[in-house]
Amino acid sequence: MFGREYRLRCCGCGALFDDDGVRLDCALPHAPALLRTVYPSLRLDPGDERSMARYGRWLPRGRALATTARTAVFPSAYLGRQLGLRRLWIAFNGWWPERGATLATATFKELEAVAVFGRLAPGERRTLVVASAGNTAAAFAAIATENELPVLIVIPLDAWDPLAALVRVGPSVRVVAIEDGTYEDAMALARTFAAREGYIAEGGFRNVARRDGMGTIVLGAVETIGALPDVYVQAVGSGAGALAAHEAALRLISDGRFGTRLPRLVLGQNAPFTPIHDAWTRGAAILEEPDHDAPERLSRIAATVLGNPSPPYAASGGVRDALAASGGSTYAITNDEMAAAMLAFAELEGIDVEPAAGIAIATLARAAREGCVDPDEIVLLNITGGGRARRRPVTQPQAPAHVVRRADLGRTADLVGTI
Ligand SMILES: [Zn+2]
């Protein structure tokens with residue numbers, strides 16, 4: 001058992017809180033603001049583990065949780081040469097054990113799931129409620145199954161088949177699937193569940209464990225490279241991964257051994273659904289409300305996991321602050337550019353990647369072509385998912401615990417009572 005030595009600090013008002021393992025927001029009334037962890041150690045001080053647990057001193061640990069989850073960081077073999085970048089490093093999050101990447105559900109969401117379950121108090125009995133459009137559900141289902149921890153996962157029914165092919169869903173995991181449902185429907189139904197006695201909201205990007213779990217990608221990269229990257233490239237939906245990288249970089253700067261400059265965040269979204277890119281390029285102070293065309297544009301993006309209509313853009317400690325502080329930039333990438341980038345990566349580096357990673361690769365290609373990245377700068381490209389083709393599919397028949405119809409979501413109180 002661990003004592004919690006870290007605290008939570010509100011990015012809005014600076015208030016400090018002891019962590020109970022599940023706090024998502026500041027207790028004081030003000031405009032939206034994220035919480036961040038504050039650790040007693042200012043030094044990157046890795047343990048002996050090879051997994052992400054190596055960075056446990058900068059993870060919000062509430063209880064011991066065994067894990068083998070690990071990101072691989074290596075210099076690009078051929079992609080960098082193709083793009084004219086001499087110091088391109090790849091952080092590969094997925095299944096590629098020959099290179100050292102051991103995320104069994106093939107995306108970086110597994111780092112988040114491990115950290116979120118590890119943050120819970122040892123005596124926590126409540127069931128965590130998670131909403132997901134796919135990869136997050138697979139990651140939480142796998143880690144909860146492995147550790148026999150209770151979780152209720154709400155997904156659109158479309159997301160079930162890929163999840164069931166990837167994960168053997170154990171008895172501690174209940175999946176509620178919404179027929180014809182969207183990610184937003186899943187989030188709304190999850191909120192209803194989380195309000196019930198015995199359940200607790202996982203919280204997505206508001207959960208500090210999510211961001212610190214993903215932050216281990218940058219910690220691993222800096223340990224391997226020996227310095228902070230000049231540029232950090234990732235595809236974003238909520239932007240939580242970029243915030244995680246930014247927050248990890250702030251910690252590494254306070255360490256003092258790895259550089260003093262924040263990596264420039266170079267972020268890609270999938271056109272034509274690009275709320276963060278639109279707000280940033282317009283210089284908007286807030287994210288505009290989704291317009292009536294938004295669902296149609298959302299339906300046209302191939303990297304569906306990036307389709308988050310309400311990212312923490314304008315919140316204190318959010319994406320706008322991080323882009324501004326780091327001198328960052330954003331790009332809108334088409335489905336065709338994404339597909340070409342996925343093919344190119346498979347040919348050049350030798351492994352399949354997820355569509356969102358294709359967006360990141362195409363983003364880097366565009367930034368390099370436009371001269372936004374200098375050929376001698378250290379660039380860290382976050383491949384957020386890959387190697388799925390190498391996973392042996394689960395063949396045993398599985399079904400969601402409950403399938404609900406979208407038309408029935410109006411009477412959620414009855415619905416939730418029956419589940
Ligand atoms: Zn506050």
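Each residue is numbered by its place in its chain's sequence as written, counting from 1. This being a predicted model, a pLDDT of at least 70 is required before a residue's local features are given, and a value of 80 or more before pairs of side-chain atoms are given or counted; all residues contribute to the totals for chains, interfaces and linings. Where side-chain values are given, they derive from all heavy atoms of the structure, hydrogens and water being excluded.

1. What about the sheet that holds strand E14 (residues 329-333)?
Line of reasoning, step 1. Strand order in the open sheet formed by six strands is E4-E5-E15-E12-E13-E14, with mixed pairing between adjacent strands. Bordering the open sheet on either side are strand E4 (72-75) and E14, each of which pairs with just one other strand. Averaged over all neighbouring strand pairs, the angle between strand axes comes to 20°, with direction disregarded.
Line of reasoning, step 2. Only strands joined by at least two bridges in the DSSP assignment are considered to pair. Helix and strand assignments come from DSSP, with helices taken as H or I runs of at least 4 residues and strands as E runs of at least 2, each series counted from the N terminus. In the sheet, E4 pairs with strand E5 (residues 87-92) via four bridges, with the strands oriented antiparallel. If you follow Pro75 over to E5, its bridge partner there is Trp89. Working convention: axes come from line fits to C-alpha atoms, limited for helices to the stretch in contact. Angles between N-to-C directions cover 0 to 180 degrees.

2. Structural notes on the packing of helix H6 (residues 208-225) against helix H7 (residues 240-255)
Line of reasoning, step 1. Closest axis-to-axis distance for the H6/H7 pair is 8 Å, and the angle between their directions is 55°. In terms of orientation, H6 and H7 fall into the oblique class. Remark: the crossing between H6 and H7 carries right-handed chirality. Taking contact as the criterion, the partners of Arg211, Asp212, Met214, Gly215, Val218, Leu219 and Val222 in H6 are, on H7, Ala240, Gly241, Leu243, Ala244, Ala245, Glu247, Ala248, Arg251 and Leu252.
Line of reasoning, step 2. We call Asp, Glu, Lys and Arg charged. Ala, Val, Leu, Ile, Met, Phe, Trp, Tyr, Cys and Pro are nonpolar, and the rest, Gly among them, are polar. Taken together, the residues of the contact of H6 with H7 break down into ten nonpolar, two polar and four charged. Here roughly perpendicular refers to angles of 65 to 115 degrees, roughly parallel to angles under 35, roughly antiparallel to angles over 145, and oblique to all remaining angles. Take the far helix as the reference: if the near one is turned anticlockwise from it by less than a right angle, the crossing is left-handed, and if turned clockwise, right-handed. In this description, contact between two residues means that some pair of their heavy atoms is separated by no more than 4.5 Å.

3. Some remarks on H7
Line of reasoning, step 1. Relative to the 22 Å expected for 16 residues at 1.5 Å per residue, H7 spans 23 Å between its end C-alpha atoms, a close match to the ideal helical length.
Line of reasoning, step 2. Burial of H7 is extensive: 13 of the 16 residues sit out of reach of the surface.
Line of reasoning, step 3. Immediately downstream of H7, the backbone of Gly256 shows phi near 95°, a positive value. By definition here, a helix of n residues has an expected span of 1.5 Å times n minus one. Any residue under 20% of the maximum accessible area for its type is buried, any over 50% is exposed, and the rest in between are partly exposed; the area is computed with a 1.4 Å probe on protein chains only.

4. Points about the sheet that holds strand E1 (residues 7-10)
Hydrogen bonds between backbone groups are what pair the strands of a sheet, and the pairing can be parallel or antiparallel.
Line of reasoning, step 1. Taken together, the three strands give an open sheet; going across it, the order is E2-E1-E3, and neighbouring strands pair in antiparallel fashion. The sheet is open, and its two edges are formed by strand E2 (16-17) and strand E3 (35-38), each paired on a single side.
Line of reasoning, step 2. Where E1 meets E2, two bridges bridge the pair, whose relative direction is antiparallel. Looking at E2, one finds that Arg9 is bridged to Leu16.

5. Points about the side chain of Asn382
Line of reasoning, step 1. On the secondary structure map, Asn382 appears in strand E15 (residues 378-383).
Line of reasoning, step 2. Given a relative accessible area of 0%, Asn382 falls into the buried group.

6. Quick look at the packing of helix H2 (residues 109-119) against H6
Line of reasoning, step 1. At a minimum axis separation of 7 Å, H2 and H6 run at an interaxial angle of 130°. Classified by the angle between their axes, H2 and H6 sit oblique to one another. At the point where H2 passes H6, the crossing takes the right-handed sense. Facing H2, whose interface residues are Lys109, Leu111, Glu112, Ala115, Val116 and Arg119, H6 presents Val208, Ala209, Arg210, Gly213, Met214, Thr216 and Ile217.
Line of reasoning, step 2. Within the contact of H2 with H6, the residues separate by chemical class into seven nonpolar, two polar and four charged.

7. Some details on the pairing of E15
Line of reasoning, step 1. The element E15 is largely enclosed, with a buried count of six among its six residues.
Line of reasoning, step 2. Neither face of E15 is left uncovered, since the one carrying Ile378, Leu380 and Asn382 and the one carrying Val379, Leu381 and Ile383 both have all their residues buried.
Line of reasoning, step 3. Bridge count for E5 against E15 is six bridges, and the pairing is parallel. Within the sheet, the bridge partner assigned to Arg87 lies in E15 and is Ile378.

8. A closer look at the coordination of the zinc ion
Ideal donor angles around a metal are set by the shape: a four-donor tetrahedron calls for 109.5 degrees, a six-donor octahedron for 90 or 180 degrees.
Line of reasoning, step 1. Coordination of the zinc ion by the protein involves Cys10 (SG), Cys13 (SG), Cys26 (SG) and His30 (NE2), with metal-donor separations of 2.0 to 2.3 Å.
Line of reasoning, step 2. The coordination sphere of the zinc ion comprises four donor atoms, whose angles at the metal cover 105 to 113°; the geometry is tetrahedral.
Line of reasoning, step 3. Every donor residue of the zinc ion comes from the same chain, spaced as C-x2-C-x12-C-x3-H.
Line of reasoning, step 4. His30 sits in the partly exposed class, given a relative accessible area of 36%. Only N, O and S atoms count as donors, using a 2.8 Å cut-off from the metal and 3.2 Å for Na, K and Ca, and because water is excluded some sites may appear unfinished. In short, tetrahedral needs four donors with all angles between 85 and 135 degrees, square planar needs four and octahedral six donors with opposite donors over 155 degrees apart and all other angles between 65 and 115, and whatever is left is irregular.

9. A closer look at the domain arrangement of the protein
Line of reasoning, step 1. Residue ranges for the domains originate in an automatic or database domain assignment. Domain annotation for the protein reports domain 1 (72-100 + 211-390) and domain 2 (107-207 + 394-418).
Line of reasoning, step 2. Facing 21 residues of domain 1, the contacting portion of domain 2 comprises 13 residues.
Line of reasoning, step 3. Simply put, the buried area is the total loss of 1.4 Å probe accessible area from both parts when two parts are fitted together. Approximately 1400 Å² of surface area, both sides summed, lies buried where domain 1 meets domain 2, with 65% of it carried by carbon and sulfur atoms.
Line of reasoning, step 4. Ranking the residues of domain 1 by area buried against domain 2 places Arg211, Met214 and Arg388 at the top, with a combined share of 33%.
Line of reasoning, step 5. Just to be clear on terms, a salt bridge is a Lys or Arg side-chain nitrogen sitting within 4 Å of an Asp or Glu carboxyl oxygen. Our count for the domain 1 to domain 2 interface comes out at zero salt bridges.
Line of reasoning, step 6. Any pair of nitrogen or oxygen atoms within 3.5 Å is treated as a polar contact; in protein, a donor-acceptor pairing is required on top of that, and neighbouring residues in sequence qualify only through side-chain atoms on both sides. There are three residue pairs in polar contact (both at pLDDT 80 or more) connecting domain 1 and domain 2.
Line of reasoning, step 7. Of all elements in the fold, only H6 and H7 reach the threshold of two or more residues within the side of domain 1 that touches domain 2.
Line of reasoning, step 8. Tallying contributions element by element places H6 first for the side of domain 1 that touches domain 2, with five residues.

10. Focus: the pattern of salt bridges
Line of reasoning, step 1. Under the definition given, this model contains 25 salt bridges.
Line of reasoning, step 2. We note a salt bridge from Lys109 to Glu112, for which the minimum N-O separation is 3.0 Å. Of this pair, Lys109 and Glu112 both sit in helix H2, separated by three residues, roughly a single helical turn. For the pair shown, Lys109 and Glu112 are each scored as buried.
Line of reasoning, step 3. Here Glu337 ties to Arg366 by a salt bridge, and the two come within 3.0 Å at their closest N and O atoms.

11. Points about the nonpolar core
Note that soluble globular proteins tend to have their nonpolar side chains buried in a common cluster.
Line of reasoning, step 1. The biggest cluster of nonpolar side chains holds 87 residues, and the ones touching the most others in it are Phe117, Ile153 and Leu252.
Line of reasoning, step 2. A total of nine residues in this core trace back to one element, the largest contributor, which is H6.
Line of reasoning, step 3. Phe117 has contacts with Arg63, Leu65, Leu128, Phe140, Ile143, Ala144, Leu149, Pro150 and Val151, leaving out every residue within four places of it along the chain.
Line of reasoning, step 4. In terms of nonpolar packing, the next biggest core, distinct from the first, is built from 37 residues, Val233, Leu348, Ile359 and Leu364 among them. By nonpolar core we mean a set of buried residues, namely Ala, Val, Leu, Ile, Met, Phe, Trp, Tyr and Cys, connected to one another through side-chain atoms within 4.5 Å.

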